[in-house]
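# Descriptive structure summary
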Amino acid sequence: MSVPPEMQLRSAMQVHPELVPAFESLPQSSNPYEDIEAAREGVHKMLAAFPADRTGVSSERFEIPRADGSALTVEVYRPEGGADTGTGQGTRGAAPEGAGRALPAVLHFHGGGFALGRSLPGQDRAAIALCRELPAVVLAVEYRLAPEHRYPAGVEDCYRALEWAAERAADLGIDPARIALTGSSAGGGLSAAVALMARDRGGPAIVHQSLCVPDVDDRVGADEAASDAEQDVEAVEAVETRVTTARDIQRAWRHYLPEGTAEAEAYAAAARATDLSGLPPAYVLVCDLDPLREAGLAYARRLMDAGVPVTVRNVPGAWHGFEMFAPDTRVAKEMTAHWTGQLREALYPVGG
């Protein structure tokens with residue numbers, strides 16, 4: 001299996017030693033937008049072949065009406081028999097004095113370049129893991145996908161799900177004072193945007209935004225895209241890549257934003273917002289070899305400068321989505337434990 005020259009250097013000098021075997025066995029990537037339906041079908045077939053472990057978790061699907069008569073699907077995952085004990089333990093050693101209290105809620109926005117990433121019904125692994133580990137009621141939001149539904153369809157769906165969760169808090173067993181947002185990649189970008197929308201619209205209170213390798217800036221990869229326009233397109237696409245590149249990020253933005261967009265709005269790309277004050281505390285996770293790293297770090301710094309409490313973690317020698325290919329490595333486990341732990345602390349504060 002050949003590795004592109006530019007990636008051979010990165011493999012030798014930058015990839016974390018524990019991740020080298022996974023890096024060297026990465027499959028060749030392709031452009032999902034060439035046949036988006038086939039790409040989605042391929043993802044679903046892969047997911048169906050490896051069903052999620054739902055032990056200790058139940059779920060229910062809800063249809064939220066939109067103004068145009070269509071419906072937004074939200075799947076609500078909850079721990080079976082797991083009430084909030086005030087300790088963040090739920091089903092894992094629940095204390096009797098806390099039984100019956102409402103659980104915190106996490107709205108989970110999946111990644112996938114705004115176009116892929118939707119799980120099969122009842123099979124959202126990230127939602128299941130958070131539901132079980134925090135514990136919390138986790139809402140997996142099946143927002144409309146690009147390119148069929150460009151901005152602002154997806155982010156408006158995510159915000160509507162937040163409103164719905166707050167409105168139905170009592171019925172859902174949710175503590176409306178402990179609602180958090182989380183997502184990876186495009187989902188991280190959507191989380192940041194929804195936090196901005198909630199602030200600006202006087203919407204439901206959010207206690208925490210967990211932004212994992214977030215895609216918050218439509219300018220990432222713009223220089224590469226401009227360079228491609230001046231080259232032989234076939235030659236550029238012939239370059240073999242196995243990790244997410246800046247060109248891949250720019251391709252996703254081109255399909256997410258309305259055609260002809262010169263500059264994204266802040267609710268599409270949160271890094272475009274001029275004022276980040278008054279936003280909820282944030283966690284920002286980045287990876288060394290991820291083209292989204294610098295934009296994520298810049299957004300974290302701007303949040304800090306605006307007076308928002310921020311925790312930042314960088315995963316050395318890791319690429320975008322590495323944990324999907326190396327889930328059993330210590331690097332992946334430590335990363336997951338860290339961001340999950342930060343979310344747990346926000347939802348179960350000491351003395352809260």
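Fair warning: this is a prediction, and the values are worked out from it, not measured in the lab. (Residues numbered from 1 in each chain as written. Predicted model: local features only at pLDDT ≥ 70, side-chain atom pairs only at ≥ 80, totals over all residues. Heavy atoms only, no water.)

Let us now look at the pattern of salt bridges. Charged atoms that come close allow side chains of opposite charge to pair. A complete count under the given rule lists 20 salt bridges for this structure. Linking Asp217 and Arg219 is a salt bridge whose minimum nitrogen-to-oxygen distance equals 2.8 Å. Here Arg219 falls in the partly exposed class, since its relative accessible area comes to 41%. Taking the shortest distance from any N to any O, the salt bridge between Asp248 and Arg251 comes out at 3.2 Å. Of the two residues, Asp248 and Arg251 both sit in helix H10 (residues 246–256), three residues apart, roughly one turn of that helix. Several salt bridges share partner residues, and in doing so they unite Glu37, Arg40 and Glu148 into one network. (Salt bridge = Lys/Arg side-chain N within 4 Å of Asp/Glu carboxyl O. Buried < 20%, exposed > 50% of the residue type's maximum accessible area, 1.4 Å probe, protein only. Helix = DSSP H or I, 4+ residues; strand = E, 2+ residues; numbered from the N terminus.)

A word on the packing of aromatic side chains. Any aromatic ring pair is given by two values, namely how distant the centres are and how the planes are angled relative to each other. A full pass over the atoms with the stated rule returns seven aromatic pairs. Centroid distance Phe23 to Trp319: 5.5 Å. Interplanar angle 65 degrees. Geometry classified as edge-to-face. Taken together, the residues span a long stretch of sequence, with Phe23 in helix H2 (residues 20–24) and Trp319 in the loop between strand S8 (310–315) and helix H12 (330–347) at a distance of 296 residues. The burial state of Phe23 is the same as that of Trp319; both residues are buried. Taken together, the ring pairs connect Phe114, Tyr151, Trp253 and Tyr256 into an aromatic cluster. The lysine or arginine in question, Arg178, covers the ring of Tyr348, its NZ or CZ lying 5.2 Å from the ring centre. The residue whose ring lies beneath Arg201 is Tyr159, and the NZ or CZ to ring-centre distance is 4.9 Å. (Phe/Tyr/Trp six-rings, centres within 6.5 Å; stacked < 30°, edge-to-face > 60°. Lys NZ or Arg CZ within 6 Å of the ring centre and 35° of its normal.)

A few words now on the sheet that holds strand S5 (residues 174–184). Across the sheet, eight strands lie side by side as S1-S2-S4-S3-S5-S6-S7-S8; this open sheet has mixed pairing. Each having just a single partner strand, strand S1 (57–65) and S8 make up the two edges of the open sheet. Between one strand axis and the next, the sheet turns by 20 degrees as a mean value, whatever way the strands run. Sheet topology places strand S3 (residues 103–109) next to strand S4 (residues 137–142); four bridges connect them, and they run parallel. Within S4, the position partnered with Ala105 by the bridge is Val137. Against the sheet, helix H4 (residues 125–133) contacts S1, strand S2 (71–79), S3, S4 and S5, and its axis sits at roughly 35 degrees relative to S2. (Pairing = 2+ DSSP bridges. Axes fitted to C-alpha atoms, helices over the stretch in contact; angles between N-to-C directions. Contact = heavy atoms within 4.5 Å.)

Cis peptide bonds are those with omega within 30 degrees of zero, and the linkage from Leu134 to Pro135 qualifies with -10 degrees. Relative to the helices and strands, Pro135 is located in the loop between H4 and S4. Omega for the peptide link from Tyr151 to Pro152 comes to 15 degrees, which places this bond in the cis form. Structurally, Pro152 can be placed in the loop between S4 and helix H5 (153–167). Positive phi values are uncommon outside glycine, yet Phe114 reaches one of about 65 degrees. Note that Phe114 resides in the loop between S3 and H4.

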